[in-house]
2 protein chains.
Amino acid sequence: MRMSDGVEWALHVASLLAVVPPEKGMTAAKLAEFHGVPGAYLAKHLQALTRAGVFEAVPGRGGGYRLARPAADVTVLEVVEAVEGRTRAFECSEIRQRGPAGGGPKSDYRGVCGIARVMYDAEAAYREELRKVTIADLLGSFLRSASPGAQVRAATWMQKEMSS
Amino acid sequence: MRMSDGVEWALHVASLLAVVPPEKGMTAAKLAEFHGVPGAYLAKHLQALTRAGVFEAVPGRGGGYRLARPAADVTVLEVVEAVEGRTRAFECSEIRQRGPAGGGPKSDYRGVCGIARVMYDAEAAYREELRKVTIADLLGSFLRSASPGAQVRAATWMQKEMSS
DNA sequence: GGATTGCGGATGTTGGATATCCGGATATAG
DNA sequence: CTATATCCGGATATCCAACATCCGCAATCC
């Protein structure tokens, strides 16, 4: 069970956009360059995040991407679901209806299978954890824990690349 | 992010083994037939569960699989991890060290990335939920919620197939 | 010794994730 | 109005892990 790399990219991008002046935004190419990831593929995820209402895209010259809402109002869960989709990791295939002991009338299997119930509950707990954290929290964590050197390098790059 | 079907199979198998007399066990072929799943592939998962100490395998004529411990002492988490492995769904690729703002001295990136921290915590919550539930609980859930018809069909099949 | 069963390696198959490209639409600058 | 920069979405190619099967070997019981 492996999560798409796009989730990691998207969370880093969202954290970065939280410190970009909203009226300027940042192009997909710049975002990819800053994080050292393939631009063409990152663009796909950015489009998905835009469709999900997490980012806003500004077309045309001088355009780019920006957060659709204040960073404190965007949860990590939203970003994860926008990239990964909202399908469940565990999918019940109704094994209980198969085999020699299955095959009874449909009414025999009305409620959710007990095994599926447990797995669904665990996934709900997972999502609940991600719902508690916002992009603003991620940014705060970075500002608190990142070394001064790294913060200066990031600020310098943005100064230089976003002057126009 | 999709979980292997083997997890669902394994949980159903474990629940079934919880009601099989331990001194008899059940062969891989019978377990596959009962659940209507491909036998050769189920066998692979059974072997993994045996290596993980969840099941016990009895070779030779009259052999088969049985629970290695009482059903109340086996957690759902153990079964899931035996089949899925213990790798994390989210793997941090240290994006923060890439790109123009990365590349500083290694000491700049000592602690865990804040984004990875959040994802790891969510996975911990997920596993914690699965650790709370035992195979005995799954069996209890089945006995409480399954229709009488389905329970009779299962008992009848086992009576017939395990007479030897 | 023969039959049954689990064990594990080798192998083939398939589906999804990864990655790229290109034509079209849109908005801004001059 | 034209040129440029940018996002959008479909089509495509590639790659890898999950899925699935098979076969020879080892262990056990009758």
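Up top is the structure.
In short, a report on the structure. Residue numbers restart at each chain and count upward from 1, following the sequence in its written direction. Ligands are numbered from 1 and chains lettered from A, in the order in which they are written. Only residues with pLDDT of 70 or above have their local features reported here, since the model is predicted, and side-chain atom pairs are shown and tallied only from 80 upward, although totals for entire chains, interfaces and linings are computed over all residues.

Moving on, we come to the protein's contact with DNA strand C. Any residue whose C-beta atom, as set from the backbone, lies within 6 Å of a molecule or strand is reported as near that molecule or strand. Near DNA strand C lie 25 residues; those nearest to it are Ser4, Pro38 and Gly60 of chain A together with Thr27 and Ala57 of chain B. At the level of elements, α1 (5–17) and α3 (39–51) of chain A together with α2 (28–35), α3 (39–51) and β2 (64–67) of chain B are the ones that each hand at least two residues to the surface near DNA strand C. Strands here are runs of E lasting at least two residues and helices are runs of H or I lasting at least four, both read from the DSSP assignment and numbered beginning at the N terminus. Among the elements that take part in the surface near DNA strand C, α3 of chain B stands out by supplying four residues, more than any other. Residues of the surface near DNA strand C, tallied by class, amount to 10 nonpolar, 10 polar and five charged. In this classification, Asp, Glu, Lys and Arg are treated as charged, Ala, Val, Leu, Ile, Met, Phe, Trp, Tyr, Cys and Pro as nonpolar, and every other residue, Gly included, as polar.

Residues and elements named next belong to chain A. It is at 6 Å that the axes of helix α4 (residues 76–84) and helix α5 (residues 114–131) come closest, and there the two elements cross at 120°. What the angle tells us is that α4 and α5 run oblique. The residues of α5 that touch α4, namely those facing Val76, Leu77 and Val80, are Arg127, Leu130 and Arg131. Residues that form the contact of α4 with α5 fall into these classes: four nonpolar, no polar and two charged. Between the N-to-C directions of two axes lies an angle of 0 to 180 degrees, each axis being a line fitted to C-alpha atoms and, for a helix, fitted only over the stretch in contact. The labels follow the angle: roughly parallel below 35 degrees, roughly antiparallel above 145, roughly perpendicular from 65 to 115, and oblique for the rest. Whether two residues are in contact is decided by their C-beta atoms, placed from the backbone, lying within 7 Å.

A few words on the interface of chain A and chain B. In this assembly, 48 residues from chain A lie in contact with 48 residues from chain B. Residue assignment for the side of chain A that touches chain B shows that the elements contributing at least two residues are α1, α2 (28–35), α4, α5, α6 (135–145) and α7 (148–161) of chain A. It is α5 of chain A that provides the largest number of residues to the side of chain A that touches chain B, a total of 10 residues. A per-class count over the side of chain A that touches chain B returns 25 nonpolar, 12 polar and 11 charged.

What follows deals with the environment of Pro148 of chain B. All names here are of chain B. Looking at where Pro148 falls in the secondary structure, it is placed in helix α7 (residues 148–161). Exposure classes come from backbone-placed C-beta atoms, where a residue is buried if 20 or more other C-beta atoms lie within 10 Å of its own, exposed if 12 or fewer do, and partly exposed in between. What makes Pro148 exposed here is the crowd of 9 C-beta atoms within 10 Å. Residues Pro148 and Ser107, spaced 41 residues apart in sequence, show a C-alpha to C-alpha distance of 64 Å.

This paragraph deals with the pairing of strand β1 (residues 55–58) of chain B. Residue and element names in this part refer to chain B. Strand pairing is assigned whenever DSSP detects at least two bridges linking the two strands. Note: β1 against β2, four bridges, orientation antiparallel. Bridging across to β2, Phe55 finds its partner in Leu67. Between β1 and β2, which follow one another and run antiparallel, lie five residues, and Gly60 among them has a positive phi close to 85°.

Next up on the list: the nonpolar core. In this structure, Ala10, Ala14 and Val79 of chain A together with Ala10, Ala14 and Val79 of chain B are the most contacted members of the largest nonpolar core, which totals 94 residues. Other than its neighbours up to four places away in sequence, Ala14 of chain B contacts Leu67, Val74, Val79 and Ile135 of chain B. Think of a nonpolar core as buried Ala, Val, Leu, Ile, Met, Phe, Trp, Tyr and Cys residues chained together by C-beta atoms that fall within 7 Å.

With that settled, the discussion passes to the protein's contact with DNA strand D. With respect to spatial proximity, 24 residues lie near DNA strand D, and among them Thr27 and Ala57 of chain A together with Ser4, Pro38 and Gly60 of chain B are the closest. Counting residues per element, the ones that place at least two in the surface near DNA strand D are α3 and β2 (64–67) of chain A together with α1 (5–17) and α3 of chain B. The element contributing the most residues to the surface near DNA strand D is α3 of chain A, with four residues. A breakdown of the residues in the surface near DNA strand D according to their chemical character gives nine nonpolar, 10 polar and five charged.

Quick look at the relation of the copies chain A and chain B now. Mapping between the two chain copies consists of a rotation about an axis together with a translation along that axis. Least squares is the method used to superpose the copies, on C-alpha atoms of residues holding a pLDDT of at least 70 in both. For the pair chain A and chain B, the superposition axis carries a translation of 0.0 Å, the fit reaches an RMSD of 0.1 Å, and the rotation angle comes to 180°. Taken together, the rotation angle and the small translation identify this as a two-fold axis. Measuring from the rotation axis to each C-alpha of chain A, the shortest distance belongs to Tyr126 of chain A, at 2.5 Å. Both copies present the same face, since 100% of the interface residues in chain A are matched by interface residues at the equivalent positions in chain B.

Glancing now at the packing of α1 of chain A against α2 of chain A. Residues and elements named next belong to chain A. The contact between α1 and α2 brings their axes to 11 Å, and the two run at 110°. Comparing the axis directions of α1 and α2 gives the class roughly perpendicular. Packed against α1, whose contacting residues are Trp9, His12, Val13 and Leu16, the element α2 presents Leu31, Phe34 and His35 at the interface. Of the residues belonging to the contact of α1 with α2, the class tally is five nonpolar, two polar and no charged.

Tracing the backbone shows Met119 of chain B in helix α5 (residues 114–131). Taking the C-alpha atoms as reference points, Met119 of chain B and Glu91 of chain B, 28 residues apart in sequence, are found 9.0 Å from one another.

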